[in-house]
Amino acid sequence: MTKAASVQFAAPMLFRVIRVHDWPTYEGWIWLDGYELNATGDAVERRSIFVQVSGLRAVGKAPDPRARNGRQPGLVSGTVQARTVRTNR
């Protein structure tokens, strides 16, 4: 986010959008929910911001969180105990 999006961003800020609200606003403006990011891309604060659509610019796709913590979908890291179901017959 920069001043192009809103005067409240005198210093540029990286922002990860998690929701675009459908709240009524002025023409060309929107409310966004998301996280302010630090220099390494970690979320440091959740915020709702009011910005001009024409002032927004994408800086890249969010990294895959599974790559960061080393997990991969579909792989089991240990054994899973099966539950036994008892029935009264």
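So, here's what we can say about the structure.

### Focus: the overall build of the protein
Then comes step 1: When its secondary structure is counted, the protein shows one helix and three strands.
Then comes step 2: Starting at the N terminus and walking to the C terminus, you meet the elements of the protein as β-β-β-α.
Then comes step 3: Accessible area for the protein stands at about 7,800 Å²; split by element, carbon and sulfur atoms hold 52% of it.

### Focus on the nonpolar core
Then comes step 1: Counting nine residues, the largest nonpolar core consists of Met1, Ala5, Phe9, Met13, Phe15, Ile30, Leu32, Ile49 and Val51.
Then comes step 2: If you list the elements that add at least two residues to this core, you get β2 (29–37) and β3 (43–52).
Then comes step 3: Each residue touching Val51, except ones within four places of it in the same chain, is listed here: Met1, Ala5, Ser6, Phe9, Gly28, Trp29, Ile30, Leu32 and Leu56.

### So, the side chain of Asp33
Then comes step 1: Here Asp33 is to be found in strand β2.
Then comes step 2: Take Asp33: its relative accessible area is 5%, and that puts it in the buried class.
Then comes step 3: Of the polar contacts made by the side chain of Asp33, one reaches the side chain of His21; its length is 2.8 Å.
Then comes step 4: Among the polar contacts made by the side chain of Asp33, one reaches the side chain of Ser48 at a distance of 2.3 Å.
Then comes step 5: With sequence-adjacent residues up to four places away left out, Asp33 is seen in contact with Phe15, Arg16, Val17, Ile18, Arg19, His21, Arg46, Arg47 and Ser48.

### Some remarks on the pairing of β2
Then comes step 1: Strand direction decides the pairing type here: strand β1 (residues 14–20) and β2, joined by six bridges, are antiparallel. Bridge pairing links Phe15 to Glu36 in β2.
Then comes step 2: Strand direction decides the pairing type here: β2 and β3, joined by nine bridges, are antiparallel. Its bridge partner lying in β3, Ile30 is registered against Val51.
Then comes step 3: The antiparallel pairing of β2 with β3 creates a hairpin that spans five residues between the two strands, and Gly41 there sits at a positive phi of about 90 degrees.

### Let's talk about the packing of aromatic side chains
Then comes step 1: Taken as a whole and assessed by the stated rule, the structure comprises three aromatic pairs.
Then comes step 2: Relative to Phe50, the ring of Trp31 lies with its centre 5.0 Å away and its plane at 35 degrees, an arrangement referred to as tilted. Highlighted residues: Trp31 in strand β2 and Phe50 in strand β3, separated in sequence by 19 residues.

Each value, and the rule that gives it
- Here the residue index of a chain counts from 1 through its sequence in written order.
- It should be noted that, the model being predicted, local features are given only for residues of pLDDT at least 70 and side-chain atom pairs only at 80 or more, the latter also being counted only at that level, while totals for whole chains, interfaces and linings use all residues.
- As a convention, hydrogens and water are excluded, and side-chain values are obtained from all of the structure's heavy atoms.
- A run of H or I in DSSP becomes a helix once it reaches four residues, and a run of E becomes a strand once it reaches two; helices and strands are each numbered from the N terminus.
- What sets the accessible areas is the Shrake-Rupley method with a 1.4 Å probe; for residues, cover comes only from the shown protein chains.
- To define a nonpolar core, start from buried Ala, Val, Leu, Ile, Met, Phe, Trp, Tyr and Cys residues and group those joined through side-chain atoms within 4.5 Å.
- Burial classes: relative accessible area under 20% of the type maximum marks a residue as buried, over 50% as exposed, and values in between as partly exposed (1.4 Å probe, protein chains only).
- Throughout, a contact is declared for two residues whenever any of their heavy atoms are within 4.5 Å.
- Contacts described as polar in this section are N or O atom pairs within 3.5 Å, which, within protein, must combine one atom able to donate a hydrogen with one able to accept it, while residues neighboring in sequence count only if both atoms come from side chains.
- Here the rule is simple: two strands pair whenever DSSP picks up at least two bridges between them.
- We call Phe, Tyr and Trp rings a pair once their centres come within 6.5 Å, taking the six-membered ring for Trp, and we label the pair stacked below 30 degrees between planes, edge-to-face above 60, and tilted otherwise.

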